[in-house]
Structure formats: C-alpha cells, structure tokens
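# Analysis of the macromolecular model
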Amino acid sequence: MPNPRIPLPVVSVPTVLLFTGGVMVWTGATWLVVTEAASLWVTMPLHALVTFTMFTVLHESTHHAAGQLTWVNELLGRLAMPFVASYGSFPLVRYIHLEHHRNTNEDAHTDPDAWTAHGPWWQLPLRWLTIDFWYARFYVARQRTRPPSERVETAAVVALSLAAFAWLASTGYGWELLVIYLIPQRVGLAVLAWWFDWLPHHDLGARRQDRFGATRVRVGLEWLMTPIMLCQNYHLVHHLHPAIPFYRYLRIWKDNRDAYLARDVPIATAWGRELTSSEYREWRQLTGSLAEEPPAPQPPRPSLFHSLRVAEVRPLCEGAVTVTFDVPERLRETFRFTPGQHVVIRAEVDGEEVRRAYSICSTPESGVLRIAIKHQHGGAFSTFATTELAAGDVLDVLPPDGMFTLTPEPGRTGRYVALAAGSGITPILSILASTLLAEPHSRATLLYINTSGASTMFADELGGLAARLGGRLHVVHYRTDERDPDLRRQRTEKPFDTVGEALAISHERYQRGRLDGTRLRALLQARLHPAKVDDWFLCGPRELVDMARRTLADKDVPEENVHFELFQGALPVRPSRRPGPVLTVTAGGKTAEIPTTAGETVLSAALRHGVDTPYACVGGACGTCRASVVRGSARMDVHYALAAEEVAQGRILTCRAVATSDELSVDYDR
C-alpha cells in the first residue's frame, strides 16, 4: 500500500472556507426567499447546493481531516450538520459513515451506503431520496450498543429539530420551511447519495474484500468534474487514505498512480465507460504498449555471515548491555543500515550453535554498529552476552536486514507515534533519533512500558534526546512497579531553577501501570487521534503488539501506516514421523533434493540435511529465512515478517512454511 505522507494541517483552510461560503450562500438564498426577490427556481437549487457542500465539511470532520485539532473537527461537524440534516447528530453520522468504510460494498444491513445501489434500477432514485430514512433504521437497530453520550446527543438533536419544525409550521412559516429547507435538502441528499455512494461503488460487490477494488476513480474532464464533485471523482483515494483532506486527492493519485494501477483499480471515464489499467495507461499515453505494467520488485539475495570483532561491551541497565562491533572499511557498505533494521548473530555457546536477531540501536549517521542485549531467563546467548562476552571477542554477523524501518527525509513534516516495551526500544530508538534529527519539522510521541527505572533500557539517552529536540519528542513512561521512584520523583524534587529546566523535564511523563486497550483508546480520542499521526511503530511482546494493532484497526488506521516487530514469533512447528513431500532447496547457488516428514517446515528439513540456510528466530518474526516458492505450494501458520504483497508474490518464511503439494521447490537466492 503506498503511503502518501501528506501532512495534515493544523486547520484545513479549504474546509473552513467551504463552510463559510456555504453559510453565506444559504443566508443569501434565504434572504431572497423572504424578500421574494428571486424565483424559487433560483433559490431552491442554491439551498440544495449548500446541502451538498456542507456534507463535504461534515465528511471531512467525520474523518478528522479538517485539521489536527480535535475540537475544530468536532465543532465544524456539528455546525455543518443542520445544513445537511438538522434531525441527525454529528456522532450518529460519524458512526454510520465509518461503518460504511469498515464494510464497503457488503449488503445494506452491514454497509449502510449500499442502500443506494442494491435494488432494481427503477428503485434507485427512490433509494437516493430516502437515504436518511435508511440511516435512521440502521442506527436504531444498533443504538443499544452505542455510547450513552452519543445516544443522548442524538435524542436531543432529534427532539429539538422536530420541535423547531412544529413551531415553524404552527406559527405560519410552514411554506418557508418547505421551500427553504425541506425540499432543497431532499434534492441535495438525493444528489449526495448518487454522487458519493452510487457512482463510486455500484457493481463492485464482487471485489468487496479488495481494498483497491472498493470504489472507482472517475477520470476525464477533471477541469469540470473535480470542482463540481469536490474531488470525489477520485473517491478511491479517500477510501485508501481516509484522513487525507479532499483537496489533496488528485495530487495523491498522480504521485502514487503506478502503485494503484499495478493493483488493477476500478477506473471509469466521466461518461461511465470502464477502463482497465492498461487501457488507462494508453489513454493517458503513460506507456507505448497496452500490456506494459510496472516491474515487480525483486527480493534481495541472501547474505553471508561475516566475522566481526567486538569493540566494546558496556553495561546499559539492570541485566542489559550494549555491544559495539568494529566494522572494517571493506565491509562498511555491506553493513550500512536503515534505522530499525536488525542483524543476526551466530555464536557457539556451551558447544551448541545459537542464532539470535538483535535490532541496531545506533543511527546510520554515527557510523557505529551497536546492538543492545537484555538478559532473558534461560536464554543461552543473552546469558553469555551479559556475563562473558568481552571486547576482542569475534562473532559471526549477518548484514542488516528487516522491514521495520523508516527512512528519514529532511523535507518531510511528519508526526510519529512509537510504542515499545522493554528491549523493544532498540529499533525504536534508532528510528526516532535518526528521523527527528534529520527532519527538523517532525514530531514524535513514545509510549514506553517497563517494570521500573532500573530495568529501563536507554533511559538517559531518551531523556537527553527529548531535551535536545526541544519538545519535538514527548516520552510517556508506563511503569508496572508501583514502587518505582520515577512515579514520585516530581513530588520530591526541589523547585526548578530556570524555565528551561521545567520545559526539559516536561518532555517526559510517568504513568502507573500498563498501557492497556482502554488507555490506548483514550489516547486515540485526544492527543494521538489517528488523523494526526502519519506512522505508528510497535515493538514488544506479541500480546501487546496484537492489542495495539486491533485497537488501531478499530479506529480505521490504515494497515500501511502501522509497522510492527515482535520480540519473538510463534512456537515451533511439531512435525510427525510419517514421510512427507519431496523438497528441493536452492541456497548459495547450490541445489539439494531432500525427503521430508509430514508437517515438517522447509527450514527444519533443510537444516537437518546440512543445507546452509539463513535463519534466526524460527518464529516468523524476523524474516531472515525468507525464500521464494519456485514450484508447488506451501502454507504458513504465521508470517509476521512478510507483507501481504510478498505472500502474493510467492515469498515464504521457511521457518513456518510446510509443503501442501507432493513436490515443493524453494529458492533462497531469489
């Protein structure tokens, strides 16, 4: 999924101007009716136009795309609501619209907007005219599950609206109510249902599970269609990136066009003729051939271990050390890394070969290759590293690898949130330090969970970095030990000598207890609202990462904006003793044919027969054992370290892959 990385402004000026213009047009049209200065054939289209434009303001606020400030979105949404449907509340519309995004193109009882398209052709105009009645039925059926505050506000708005209608009718203003509001509003809602719902979504139910096929792009006559439809002719961009302001859709389409076309997104001309991606390319003269498509990215070839001398082993905190390697000049390029990547260490401990993956905690600009190792109970290598490893020792190290990364861009203005627990801070530290130092206008929040200050890795480095960045890094420490001194530190410290000291200490806060789903949801409602954040980085135990991913998904954070890495993956796969399929493995330019047992992973079979293959965690978390399926098929119970696109291209994690065909051929060199 392409990530547009378009920063959300503090306040979306075009949205505010659209609202202001709508108020002015509505006021002017109402004055024309009251003074009888213009025909109803003039005023009613103007009032209907306001319904249409105000829905865009409401729509932007629903997705928190009216700016970074939550109160601005809440205010604009509530102010725009009466111009669209005075008898509905802003929270009600927000809930219904987000249900549409969660269940796009499902049946009308699951996707409320499907009401506009599911039915015989002669019913469609009637469905467009009654879309708000269907919304009401949809909401009432679910209102018991909604928050009490939302239900109270909705009931109050409905009561006030009906009372106002009754008062106007009883005082002799029924005609004005009809021609100023009710009739134009009905026309405006019908046009909205047609343009926002039916045109982009009709006949796409077969692709309901395909995010790139959820809605179409309507191309051609952009000079006319884009302003008339308020950019919703590029409605697909909105569904893929819902927090992007509407006036940015066309730019994002142009910037990421090849990535979208590679996934064969639905495209139609302004007059409704459907185009394939190839036909669109030819029509736009993007290529000279109908058949040309962007080449698929080639996976990197596997690397070999290199012997590196340990330059320094330094205590870090309780039970943890940092290990710095001396990288010779001839291997400088080989060990160049991107912030967030890891290396695999191979060593012999008590006569047994062990391999472990450790994230790099230094920054690329430092020219230093440094990892942090925390002692794990029963961990062979972590025990050795924290008690016996010394400067001058030599370890076998694979070159840096991993997709849990962020490449800094000096011209970018980003907002990042990182969640780390324990040693999960190691890749996070590299990412945050590198990015914030290289991007002077970017900001980040770190949610860091530990037992106590004594066991907190890089506590001093984080404090120093936050102070150095002058408020662009905010660190929130969660301490599960209630006796931790940091939880009481601010009460006992002497008063600040200078304002600078107070500001420096304010960059770090301390909270009692764990960061659970309730706390995270509260943060997402306020300071860390998803619309304010460009990228999320999660690193920690599987339970924590899974909780955070579920919570973010519930808040409609796009998957491509959530990056995660686990401490460890799934438990080892247990094969049976029955004979299994024939396996052919290519690694390091050599090919071997191997008999397997039923249920045995590709990696286990290869290692059992002496094939030198790359691996580390054997739990699907690190991605070191990636390979390509050349012939046959395999299934994986988990593939944390592979993106969906890689799986679709035939990439597997051999530590979790089990053959499902009579013959399986895999290649580590592809």
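First, a word on what this report is: a plain description of the structure on this page. (Residues numbered from 1 in each chain as written. Predicted model: local features only at pLDDT ≥ 70, side-chain atom pairs only at ≥ 80, totals over all residues. Heavy atoms only, no water.)

Once that is clear, we can look at the pairing of strand S8 (residues 369-374). Burial analysis of S8 places 5 of its 6 residues in the buried class, which makes it a mostly covered element. Two elements, strand S5 (residues 320-326) and S8, share 6 bridges in a ladder whose sense is antiparallel. Its bridge partner lying in S8, Ala320 is registered against Lys374. (Buried < 20%, exposed > 50% of the residue type's maximum accessible area, 1.4 Å probe, protein only. Helix = DSSP H or I, 4+ residues; strand = E, 2+ residues; numbered from the N terminus. Pairing = 2+ DSSP bridges.)

With that settled, consider the sheet that holds strand S20 (residues 651-653). The strand order S17-S16-S22-S18-S20 describes an open sheet built from 5 strands, whose pairing is mixed. Each edge of the open sheet is held by one strand with a lone partner, namely strand S17 (590-597) and S20. Here the average twist between neighbouring strands, direction ignored, is 35°. Alignment of strand S18 (residues 626-631) against S20, held across 3 bridges, turns out to be antiparallel. Each bridged residue has a counterpart across the sheet, and for Ser628 the counterpart in S20 is Arg651. (Axes fitted to C-alpha atoms, helices over the stretch in contact; angles between N-to-C directions.)

Turning our eyes to something else, we now look at the packing of aromatic side chains. Following the criterion strictly, the structure yields 17 aromatic pairs and no others. Seen in terms of ring centroids, Phe52 and Trp195 are 5.5 Å apart; in terms of plane orientation they differ by 90°. Their pairing is edge-to-face. Remark: Trp195 occurs in helix H8 (residues 174-201) and Phe52 occurs in helix H2 (residues 40-62); sequence separation between them is 143 residues. In terms of burial, Phe52 and Trp195 fall into one category: buried. Between Phe246 and Tyr247, the aromatic rings sit 5.5 Å apart at their centres with planes inclined by 85°, giving edge-to-face as the arrangement. On the accessibility criterion, Phe246 (6% relative accessible area) is buried. Residue Tyr247 is classed as partly exposed on the basis of its relative accessible area of 26%. Members of the aromatic cluster, each reached through a chain of ring pairs, are Phe52, Phe55, Trp128, Trp194, Trp195, Phe196 and Trp198. (Phe/Tyr/Trp six-rings, centres within 6.5 Å; stacked < 30°, edge-to-face > 60°.)

Spatial relationships are all this shows, so hold off on functional conclusions.
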